[in-house]
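Breakdown of the fold
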Amino acid sequence: MYAKEELEIIKNSPPYQYAIKATDKDNKNVGRYVKKQCKEFINIINSEEYYIDMLMYECICNFFRLIYIMPNKTAYENLSGFQWFFIINVLCVRRKSNGKRRYELSIMLIARKNGKTLLVALLLLLILLLSEPLSECYSVAPDKELSSAVLKEFRKILNNSPQIARYFKLLRNETRCTINDSYYKPLACSENRLDSRLPVFWIGDEVGALKSNYPLEAMQSGQVTLDEKMGAIISTAYDSLDNPMVENIEYAKKVLDGLIDDDSVFALIYEPDNPNDPLSDVSTYQANPLALDVEVIKDSIFKKRDKAINMPSTLGNYLIKHANIFTDGKILENFISIDDLRLCKIENGSYDWQGKEVYIGLDLSQSDDNTAVTMTCYDLAIEKYVCKSWCFYPADNEDKKIKTEDIPYDRFSNLGYCYPCGGRIIDYGFVEDFILNIIKRYGVTIKNVTYDRYNAISSIQKLEKELPLTEFVEQKQTPPYLHFGTKLLKESILNNNFLYEENTLLEFNFKHAKTYESGGCIAIDKKRATGKIDMIDAAVNCFCSMYSDKVDQTPVTYDSNELFIL
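These numbers were taken from a predicted model, which means no experiment stands behind them. (Residues numbered from 1 in each chain as written. Predicted model: local features only at pLDDT ≥ 70, side-chain atom pairs only at ≥ 80, totals over all residues. Heavy atoms only, no water.)

1. A look at the overall build of the chain
For clarity, the threshold we go by: To qualify as a helix, a DSSP run of H or I must reach at least 4 residues; to qualify as a strand, a run of E must reach at least 2; elements of each kind are numbered from the N terminus. Atoms considered for the radius of gyration are the C-alpha atoms alone. The globule rule reads 2.2 Å times the number of residues to the power 0.38. Buried, partly exposed and exposed residues are distinguished by accessible area as a fraction of the type maximum, computed with a 1.4 Å probe on protein chains only: under 20%, between the cut-offs, and over 50%, respectively. Two residues form a contact once any of their heavy atoms are found within 4.5 Å. We score Asp and Glu as negative and Lys and Arg as positive, and we do not count His or the chain ends. Charge positions come from single atoms, namely NZ of Lys, CZ of Arg, CG of Asp or CD of Glu.
Along the chain, the regular secondary structure elements total 22 helices and 23 strands. In terms of overall size, the chain behaves like a compact globule, its C-alpha atoms giving a radius of gyration of 27 Å where 566 residues would be expected to give roughly 24 Å. Expressed as lengths along the three principal axes of its C-alpha atoms, the size of the chain is roughly 95 × 50 × 50 Å. Counting across all 566 residues of the chain, residues that qualify as buried make up 55%. Intrachain contacts of the chain at a sequence separation of at least 6 include 72% that bridge at least 24 residues. With 68 positive and 80 negative side-chain charges, the chain shows a spacing of 7 Å between the two charge centroids.

Structure below.
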């Protein structure tokens, strides 16, 4: 518990005030994932697991009164709320169980011209001042120029802050703190081997420009023997979707969505909630938090936005640098947010399928990958689509899949969300029998089986013999053919006309799915998905056929004495 005075200090502090404003339900200028992290911070006051180290907080405040980010402008009086929020979370949030810092990895995605380099330099400066003797700190960046940017900002702060600068010795390739003989050294991936180092703290700058995860893995591996470790990843967006920053952002989102239990990760993800509307005021503020506090920054960014609107040749550059959208030529959008999806969740086994006419969606994979089956119906009584999904994978690949995909397939199989079958390759016969047993198991009639032709022909031929009254539809997998089914599935969820039986693996699939627009048609981008989406592909196949059959319309009952002229 905090003393009354401490509680008052926390509630009046810049990071807490930032969190309160960010989580205001009427504040649309802050994105959903930033709001989630802010709620986590607010909850620390009453947490049984974590606390804010008030001694450390007061120490940082005192240092900030002596640190000048510009001539006559102290960090204490001139940092923005989000900058305070990042630093205090990284350095001051601790575990009650052992007193160690909670966060071992901190992630920030933020648009250009939002004080990113200043924030990195301040964080490094504080850590050098507060570290144990002989501590090593490193920054890693894609090249020498980017790596030296942090060092330049670091030294600029010291030049403006003589009362702090006297405790530092500026050498050619590193900066030493004379209080504890700790040091900071910038590393460029192209010129430095990064192994065999022991960083108490490391920071990856402009990670979106890295070609591989090697620099981050090397830094994390060097901390294995440390009792307390910290690392940070900060970047702006780049014109590539294949980079370590995208991977880390997706992981952080799963943590914030509650799909992965990892309380050692902290993330501030400044990006538009709606990437298909990147030029709106709301999207601009969501990607540029400094624009909410600094009028000059706001005017500059909005001027660039207006130019992008009126000069199409500059739009691509604007979307990446100032709307903070990773792109490789087309803008991808999350198919459905987990928050919207979970509003449609019902307890597993709570829906009565007996007597329902169902559609089966089938997405058969290569022999060593995932296969998915989805069962869907439209319930006229409640006017909702109802969905249940299963996944199948080669049994011998389970351990490998758990490790590489970070999904607990063994636990999910015990819950009935998925089934290991076969050995090193999937047992298609098991999947075929499973589909046929759906009829007896749930008491349904299979009206339609919609499938992707790829890898499906043999199984479909066998099912056709066993289900002579069932319609079999090959679903072509290009945007014009997938558009209406994809759109119907998405809109039914957003309009709360959709129910799904509880299945965390299905939620993972939704989380991985990204959509793009092509020729006015929306489709899921299978190549750019951040993980397995087989269950979503199977569901879209179902919805394509249900859209064609107009299952959500009440059938007309004809009286034998009536005449209808069409």
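Structure shown, so let's carry the discussion forward.
2. Focus on a positive patch on the surface
This is how the line gets drawn: Note on patches: the residues involved have over 30% relative accessible area and no salt bridge, like charges join within 9 Å, and the nonpolar side chains Val, Leu, Ile, Met, Phe, Trp and Tyr join within 5 Å. The method behind every accessible area is Shrake-Rupley, applied with a 1.4 Å probe, and residues are considered shielded solely by the protein chains displayed. Criterion for a salt bridge: a side-chain nitrogen of Lys or Arg within 4 Å of a carboxyl oxygen of Asp or Glu.
Judged by side-chain charge, Lys 113, Lys 304, Lys 307 and Lys 321 come together as a positively charged surface patch. Mapped onto the fold, Lys 307 is located in helix α13 (residues 295-310). Since its relative accessible area comes to 47%, Lys 307 is described here as partly exposed.

3. A word on the packing of aromatic side chains
What characterises a pair of aromatic rings is the spacing of the ring centres plus the angle enclosed by the ring planes. Keep this limit in mind: Paired rings are identified among Phe, Tyr and Trp, the last through its six-membered ring, by centres lying within 6.5 Å, and are further divided according to the angle between planes into stacked (under 30 degrees), edge-to-face (over 60) and tilted (the rest).
All told, the structure shown has 31 aromatic pairs when counted by the stated rule. Relative to Phe 434, the ring of Phe 392 has its centre 5.1 Å away and its plane inclined at 75 degrees; by these criteria the two rings are edge-to-face. One end of the pair, Phe 392, is in strand β17 (residues 384-394); the other, Phe 434, is in helix α18 (residues 428-442), and 42 residues separate them in sequence. In this pair, the class of Phe 392 matches that of Phe 434, namely buried. When the centroid spacing of 6.3 Å and the interplanar angle of 45 degrees are considered together, the rings of Phe 498 and Phe 543 count as tilted. Linking Phe 498 in strand β21 (residues 498-501) with Phe 543 in helix α22 (residues 534-549), this pair joins segments that are 45 residues apart in sequence.

4. So, the sheet that holds strand β22 (residues 514-518)
Our working definition: Here, any two strands with at least 2 DSSP bridges between them count as paired.
Overall, antiparallel pairing links the 3 strands, which are arranged β13-β22-β23 in an open sheet. Here the strands that pair on one side only, and so sit at the sheet edges, are β13 (333-334) and β23 (521-524).

5. Quick look at the confidence of the model for the chain
What counts is decided by this rule: Every residue is assigned a pLDDT by the predictor, reflecting its confidence on a scale from 0 to 100.
Averaged over the chain, the pLDDT score is 90; the fraction of residues at 70 or greater is 96%. Note that residues 556-566 has pLDDT below 50 and, in this model, 1 contact with residues that lie over four places away or in other chains.

6. A look at the environment of Tyr 417
Within the secondary structure layout, Tyr 417 lies in the loop between α17 (409-414) and β18 (418-421). Apart from the residues within four sequence positions on either side, Tyr 417 is in contact with Asn 348, Ser 389, Trp 390, Cys 391, Phe 412, Glu 502, Asn 503, Thr 504, Leu 505 and Met 535.

7. A few points about the pattern of salt bridges
This structure, assessed with the given rule, holds 27 salt bridges. For Glu 507, the salt bridge goes to Arg 342, with nearest N and O atoms at 3.3 Å. Remark: Arg 342 occurs in helix α15 (residues 338-342) and Glu 507 occurs in helix α21 (residues 504-512); sequence separation between them is 165 residues. On the basis of relative accessibility, which here comes to 3%, the residue Glu 507 falls in the buried class. Judged by its relative accessible area of 26%, Arg 342 falls in the partly exposed class. Between Glu 405 and Lys 401 there is a salt bridge; the shortest N-O distance is 2.7 Å.

8. Quick look at the pairing of strand β11 (residues 230-235)
Rules: For a crossover, the right-handed case is the one in which the path from the first strand over the helix to the second runs clockwise, viewed with the strands pointing away from the viewer.
β11 sits mainly inside the fold: 6 of its 6 residues count as buried. Every second residue of β11 is oriented toward a common face, with Met 230, Ala 232 and Ile 234 on one face and Gly 231, Ile 233 and Ser 235 on the other, all of them buried. With 5 bridges connecting them, strand β10 (residues 199-205) and β11 associate as parallel partners. The partner of Gly 204 across the bridge, within β11, is Ile 233. Following the backbone out of β10, through helix α10 (residues 214-221) and into the adjacent parallel β11, one traces a crossover that is right-handed.

9. Points about the sheet that holds strand β6 (residues 136-141)
As a reminder, the rule being used: Lines are fitted to the C-alpha atoms to define the axes, a helix being fitted only along its stretch in contact, and any angle between axes, read from their N-to-C directions, falls within 0 to 180 degrees.
Here 8 strands make up an open sheet; going across it, the order is β7-β8-β9-β6-β10-β11-β5-β12 and the pairing mixed. At either margin of the open sheet sits one strand with a lone partner, and together these are β7 (168-170) and β12 (265-269). Neighbour to neighbour, the strand axes of the sheet diverge by 15 degrees on average, direction disregarded. Note that strand β5 (residues 105-109) and β11 share 5 bridges and pair parallel.

10. Some details on the environment of Ile 438
Along the chain, Ile 438 turns up in helix α18. Relative accessible area serves as the criterion here: at 1%, Ile 438 is assigned to the buried category. Spatially, the C-alpha atom of Ile 438 lies 9.9 Å from that of Ile 360, the residues being 78 residues apart in sequence. Setting aside residues up to four positions removed in sequence, Ile 438 forms contacts with Ile 360, Val 373, Met 375, Trp 390, Gly 443 and Val 444.

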